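Structure assessment
One letter stands for each residue in the lines below.
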Amino acid sequence: MTSVVLNDLQRQIAARRAVLVVGSGVSVAATNNAPAASWMGLLRHGVDRCVELDGQLAGDWRDRALADVSSGRLDDLVAGASKVRRSLLRQSEWPRWLEDTIGTLRATRFELIDAIGSLNAPILTTNYDDLLERRLHRHPITWMDKSDQIAFARVESCETILHLHGFWRQPDTVILDGGDYERILGAQLAQAGLRTLGEAWSLVFIGCGDGLADPNFEQFLDWMAVVLKGARHRHFRLERKADVERRQQWHNERGHHVRVVPYGDSYDELPAFIESLRSPGLEGAKADPNLTVPSLEDVLPLARPSLSAGEYSRLQQKGREAVARLSALARQLGWESIGVHSEEISHVLEQELYRVAITGRSRAGKSSLVNALVGRSICPVERVITTAIPIIIGPGEKESATIKYQPNGRPPLIFDGPISADMLAPYADQRHNRGNEKRVDCIEVRLGHQVLDLGVEYVDIPGFDDPSGRIWSATQETIGEAHALVLVLDVSSYESGGLTIDNATREVLERARDRECPVLVVCNKADKLSRADQEEAKLYVLESFDRFRLRTALVHGPFFMSTREVLEARARSGPVPRPFSTFEAALWERLWNTEAVGLRRLFRVFDALRVADEEVDALIAARRAKGRERERLLAAFARCQQDKARILETCRHNFHSLRQRTAALIEVRRGEHFHAIAEYIESLPAGSRVPLVSESVQALQERLIVACRSIIENVTPSVTTLREGAEKAVARTLSEFREEAGLSAQARHARATLGALGNWSEAVVLPDSGDGERMLKVTAAGGGAGLAVFFALANPVGLLAAAGVGFGVSVLVDVLTDRADSSATLRARIEEHANAAFTSFKQSVDAGIESFGRELAKQVHQRMRPFLNDMERRLETMREPTADEQRWHAEMRETTADALRVLEEVLGSSRAVSTLHPPTVV
Ligand SMILES: Nc1nc2c(ncn2[C@@H]2O[C@H](COP(=O)(O)OP(=O)(O)OP(=O)(O)O)[C@@H](O)[C@H]2O)c(=O)[nH]1
Ligand SMILES: [Mg+2]
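Source: prediction; values computed, not measured.

An order of 3-4-2-1-5-6-7 is seen for the seven strands of this open sheet, with the pairing classed as parallel. Edge positions in the open sheet fall to strand 3 (139-142) and strand 7 (258-262), since each of these has one partner strand only. Strand-to-strand, the axes of this sheet are offset by a mean angle of 25°, without reference to chain direction. Here strand 6 (residues 235-239) runs beside strand 7; their pairing, made up of five bridges, is parallel. Following the sheet pairing, Phe-236 is matched in strand 7 by Arg-259. Of the strands in this sheet, strand 1 (18-22), strand 5 (202-206), strand 6 and strand 7 are in contact with helix 1 (residues 3-14), which crosses strand 6 at around 110°.

Printed below as a string of structure tokens:
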């Protein structure tokens with residue numbers, strides 16, 4: 001083995017382009033050879049269990065089954081498995097047997113699992129057990145979980161482990177015998193996901209042994225050998241030195257692009273070898289045996305911007321002042337474009353803050369958690385049911401609290417700074433305000449604080465199980481309107497069997513899921529549980545979520561912690577316990593990556609103010625221009641108008657031809673596919689049974705998907721190029737014109753900064769999250785143009801699914817028409833199916849391109865129209881601004897420049913770091 005291959009393997013891991021495929025060898029090693037960890041051992045157990053339970057089995061059944069299982073030949077093994085599975089299913093013993101065998105496996109040696117975890121890479125396994133999950137704190141997903149699998153294939157997270165052959169706790173998913181293999185081979189999404197991984201990633205097989213020859217994997221490897229022939233990226237397989245030659249030969253004979261890498265003479269050397277693959281950047285990523293929470297801190301060393309307390313409010317105030325100046329100017333001088341700007345800007349400036357509600361049942365520790373988050377004792381905490389009303393804590397320059405009464409109630413009561421829980425208790429605490437008899441609507445607290453100053457609010461609310469009707473409805477409303485939720489579960493009762501995910505909790509999660517509101521789950525009071533119980537409680541929580549289908553990409557955690565310990569540590573100025581800082585980091589990251597973070601909106605406000613300022617300059621310069629200068633300007637203006645028309649025309653033309661080209665390409669692929677159908681029909685053996693239509697469609701399905709995928713891959717870069725082209729053309733035209741109108745280098749600087757911080761469409765349109773629209777875009781992770789269609793194009797699986805290609809065999813071929821009586825009818829039916837698939841695909845792609853083109857033209861138009869209109873009128877009729885107006889203009893410019901300096905520093909610095917370490921947990 002050459003160092004070239006080893007270096008390449010290390011590089012792929014360092015660059016996070018590797019997916020680990022873990023086989024049964026790892027379970028065998030971790031359990032110190034527990035029989036049920038190997039396939040053969042498991043099946044032997046199965047044979048004995050069947051004999052024990054089923055008195056009807058023929059006398060020699062056991063001998064035959066054992067012979068199959070022990071023959072060492074894969075097909076015999078699969079046949080043996082089939083006997084076992086059928087017998088167990090017949091007696092309804094299948095789940096129980098899985099539980100008694102796989103379910104009882106426990107790791108006794110952790111080196112290998114820890115080494116695997118230390119690579120911090122996505123993991124896929126053919127094992128049914130949860131040994132990896134227990135140790136590495138990841139969640140199991142299976143080949144049947146569609147959305148989880150797509151997320152896995154896109155490698156959106158390293159939090160999950162994909163069980164390719166099923167997971168014991170979900171007996172239906174377990175792939176054991178030939179029939180099961182057919183099931184998984186026919187599962188389009190599972191196969192497509194696997195292939196996506198093979199296409200885009202380097203797979204690293206660990207402890208897979210003969211498992212790679214199983215029907216599912218062998219077909220996958222063979223598929224890669226054909227379809228990815230000539231692809232540059234390698235796959236790797238780690239083996240003992242003695243096995244290398246044999247294994248490599250096996251792959252070579254089949255044309256697999258798999259390199260077998262020796263790790264040493266004995267199995268014991270594998271953990272150290274895997275660790276040696278770890279890049280220096282991942283030092284410390286190794287699982288810490290004392291750690292009881294997910295090791296999220298491995299993932300996100302995001303530098304936080306330094307914000308001085310009260311910064312958000314100060315900047316917002318500056319924004320208000322600058323907008324007031326701008327509107328006054330626009331009003332007095334009758335400038336339409338500037339007026340439009342200032343309205344948009346003030347709208348964005350006053351949008352509500354991103355609101356994180358801390359929810360859970362009464363006494364779960366919500367108020368304690370809010371206090372821990374803000375590092376102060378603001379919310380009253382008691383042993384009995386406490387919080388009576390929502391306490392909203394947001395950013396403020398000066399510390400204050402406002403007690404707001406319900407409509408038509410008393411006027412608000414305002415307390416100025418330092419605020420404490422004792423001050424709020426008479427209104428917020430149920431001992432003083434039982435059932436909210438004082439009719440307080442909410443308490444608004446303002447503080448200078450580094451997280452709040454991102455432009456975020458925390459809301460502490462009563463338990464959602466509070467018996468008082470009045471309190472209950474206010475709580476539901478707050479939960480329903482929050483942008484993100486932190487769900488606090490009290491896990492202290494786990495030991496006594498009292499922990500359940502009750503209906504109320506379930507409803508909260510379901511509603512959050514339905515409106516796509518992110519949820520971070522905190523399991524509080526972990527100090528009352530032993531380590532082992534915490535582990536079990538965690539699995540219990542995850543399983544409950546799975547059972548209720550509540551674990552989505554939007555749910556993070558569970559984060560096990562003790563808020564009490566955090567508060568105690570804070571009180572003695574000790575270090576904050578790690579579980580809490582992990583949770584805080586996850587929350588912070590969630591906030592930071594959100595379009596809604598107030599600072600990002602403020603940046604856009606000030607950038608828009610800067611553009612407005614340039615436009616004011618341009619208008620004044622135009623007004624003052626005389627003689628030849630004026631003529632020059634008029635010519636530049638006319639050119640700008642023409643440019644706009646040309647940009648729009650080019651957009652239209654380009655998108656039109658892209659649609660035509662795509663349609664033509666689809667026709668070519670359709671033709672090719674029909675050719676493949678003809679070949680398929682010809683290849684059917686004469687005189688034998690005519691296959692079912694669905695079987696045949698299935699056999700050709702892969703080619704259909706490959707064809708459609710290649711079309712999308714062809715279209716996507718063109719769309720991006722067109723978007724970038726239009727973006728550049730608008731920027732160039734406007735900046736040329738501004739320069740001709742005598743503008744400074746400011747204009748270019750503004751565009752450059754904005755370009756670094758966001759993307760074009762965000763720069764062009766100020767985002768409007770409106771009242772009803774609570775779903776907020778994730779910026780850093782998404783990046784693209786922000787248009788759904790673009791994302792769909794960028795994600796072939798998504799679009800293929802949307803177009804109904806590849807996953808719709810059963811829908812399109814119904815039972816009644818499945819049988820064909822001759823190969824001619826069969827051919828006609830397959831062609832009919834292919835036609836339908838291509839037509840629906842074509843419509844989806846065409847609609848996608850068309851709507852993207854329309855949207856782009858709209859953006860171009862909106863960006864250029866008001867300014868050009870004003871310019872035209874100004875050149876004719878504008879009056880000279882008065883001294884006051886000039887002073888407002890100067891003040892607005894100064895405020896804007898100041899604010900932008902602060903914001904660029906904060907947003908720019910942190911952004912730079914976050915690009916270095918792309919977040920892997922979203
Ligand atoms: N042992 C332990 N006790 C905790 C922890 N967190 C909170 N508590 C205690 O649990 C009780 C309730 O805490 P709160 O923070 O008032 O709970 P809450 O969810 O706000 O309760 P309500 O406002 O009544 O809904 C208090 O006695 C806290 O001291 C923890 O991590 N460990
Ligand atoms: Mg409370």
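For Val-47, the location among the structural elements is in helix 3 (residues 39-53). Relative accessible area serves as the criterion here: at 0%, Val-47 is assigned to the buried category. Remark: the alpha-carbon pair of Val-47 and Val-69, spanning 22 residues in sequence, is separated by 8.9 Å. Other than its neighbours up to four places away in sequence, Val-47 contacts Trp-61, Arg-62, Ala-65, Leu-66, Val-69 and Val-84.

When you line up the elements, His-163 lands in strand 4 (residues 160-163). His-163 sits in the buried class, given a relative accessible area of 1%. One polar contact links His-163 to Glu-133, side chain to side chain, over a distance of 2.5 Å. His-163 has contacts with Thr-125, Asn-127, Tyr-128, Asp-129, Glu-133, Pro-140, Ile-141, Thr-142 and Trp-143, leaving out every residue within four places of it along the chain.

What follows concerns unusual backbone geometry. At Asn-33, a position not held by glycine, the phi torsion is positive, near 65°. Mapped onto the elements of the fold, Asn-33 is located in the loop between helix 2 (24-30) and helix 3. Located in the positive-phi region is Ser-92, a residue other than glycine, with phi close to 55°. Take Ser-92: it is sitting in the loop between helix 5 (74-90) and helix 6 (94-101). Overall, Ser-92 belongs to the exposed group, its relative accessible area being 61%.

Let's shift gears to the coordination of the magnesium ion (ligand 2). Every protein donor of the magnesium ion (ligand 2) is accounted for by Ser-367 (OG) and Thr-387 (OG1), and the metal-donor separations fall at 2.0 Å. Linking Ser-367 in helix 17 (residues 366-374) with Thr-387 in the loop between helix 17 and strand 9 (391-395), this pair joins segments that are 20 residues apart in sequence. One exposure class covers both Ser-367 and Thr-387, and it is buried.

This brings us to the packing of helix 3 against helix 4 (residues 61-70). Packed helices, taken two at a time, are described by the angle their axes make and the gap between the axes. Put simply, helix 3 and helix 4 touch, their axes get as near as 10 Å, and they point 175° apart. Regarding the angle of helix 3 to helix 4, the classification is roughly antiparallel. Note on element contacts: helix 4 touches helix 3 through Trp-61, Arg-62, Ala-65, Leu-66, Val-69 and Ser-70, opposite Met-40, Leu-43, Arg-44, Val-47, Asp-48, Cys-50 and Val-51. A class-by-class count of the residues in the contact of helix 3 with helix 4 yields nine nonpolar, one polar and three charged.

On to the sheet that holds strand 11 (residues 413-416), then. The sheet built from nine strands is open, its strands ordered 11-10-12-9-13-8-14-15-16 with mixed pairing. A single partner strand is all that each edge strand has here, and the edge strands are strand 11 and strand 16 (555-560). Looking at each pair of strands side by side, their axes are set apart by 20° on average, direction ignored. Here strand 14 (residues 484-490) runs beside strand 15 (residues 519-524); their pairing, made up of six bridges, is parallel. Directly across from Leu-487, in strand 15, lies its bridge partner Val-521. Its contacts with the sheet place helix 20 (residues 503-514) against strand 8 (354-360), strand 14 and strand 15, and it is angled at close to 160° to strand 14.

Take the nonpolar core next. Of all hydrophobic cores here, the largest spans 76 residues; its most connected members are Val-356, Leu-369, Ile-393, Leu-424, Ile-443 and Phe-583. With eleven residues, helix 24 (residues 598-624) is the single largest residue contributor to this core. Two domains each donate at least three residues to this core, and these are domain 3 (308-349 + 596-611 + 884-917) and domain 4 (354-592). With near-sequence residues (within four places) excluded, Leu-424 lies in contact with Ile-378, Ile-391, Ala-401, Ile-403, Ile-419, Ile-443 and Val-445. Counting residues in hydrophobic clusters, the runner-up holds 65 residues, among them Leu-20, Val-28, Ala-187 and Leu-277.

Once that is clear, we can look at the confidence of the model for the protein. Chain-level statistics for the protein give a pLDDT mean of 78 and a share of 81% at 70 or above. Here residues 743-796 is modelled with pLDDT under 50, and outside its nearest four sequence neighbours on either side it reaches 104 contacts, counting other chains as well. Of the regions scoring below 50 in pLDDT, residues 806-812 engages in 17 contacts with residues more than four places distant in sequence or in other chains.

With that settled, the discussion passes to the pairing of strand 13 (residues 456-460). The buried fraction of strand 13 amounts to five of the five residues, a majority that puts the element mostly inside the structure. What you see with strand 13 is no split at all: Val-456, Tyr-458 and Asp-460 on one side and Glu-457 and Val-459 on the other are buried throughout. Pairing of strand 8 with strand 13 involves five bridges; the strand directions are parallel. Looking at the pairing, Arg-355 lines up with Glu-457 of strand 13. In terms of strand pairing, strand 9 meets strand 13 through three bridges, oriented antiparallel. If you follow Ile-392 over to strand 13, its bridge partner there is Val-459.

What counts as what
Residues numbered from 1 in each chain as written. Chains lettered and ligands numbered in written order. Predicted model: local features only at pLDDT ≥ 70, side-chain atom pairs only at ≥ 80, totals over all residues. Heavy atoms only, no water. Pairing = 2+ DSSP bridges. Helix = DSSP H or I, 4+ residues; strand = E, 2+ residues; numbered from the N terminus. Axes fitted to C-alpha atoms, helices over the stretch in contact; angles between N-to-C directions. Contact = heavy atoms within 4.5 Å. Buried < 20%, exposed > 50% of the residue type's maximum accessible area, 1.4 Å probe, protein only. Polar contact = N/O pair within 3.5 Å; in protein donor to acceptor, adjacent residues only side chain to side chain. Donors = N, O, S within 2.8 Å, 3.2 Å for Na, K, Ca; no water. Parallel < 35°, antiparallel > 145°, perpendicular 65-115°, else oblique. Nonpolar A, V, L, I, M, F, W, Y, C, P; charged D, E, K, R; others polar. Core = buried A, V, L, I, M, F, W, Y, C linked by side-chain atoms within 4.5 Å. Domains from an automatic or database assignment. pLDDT = per-residue confidence, 0-100.

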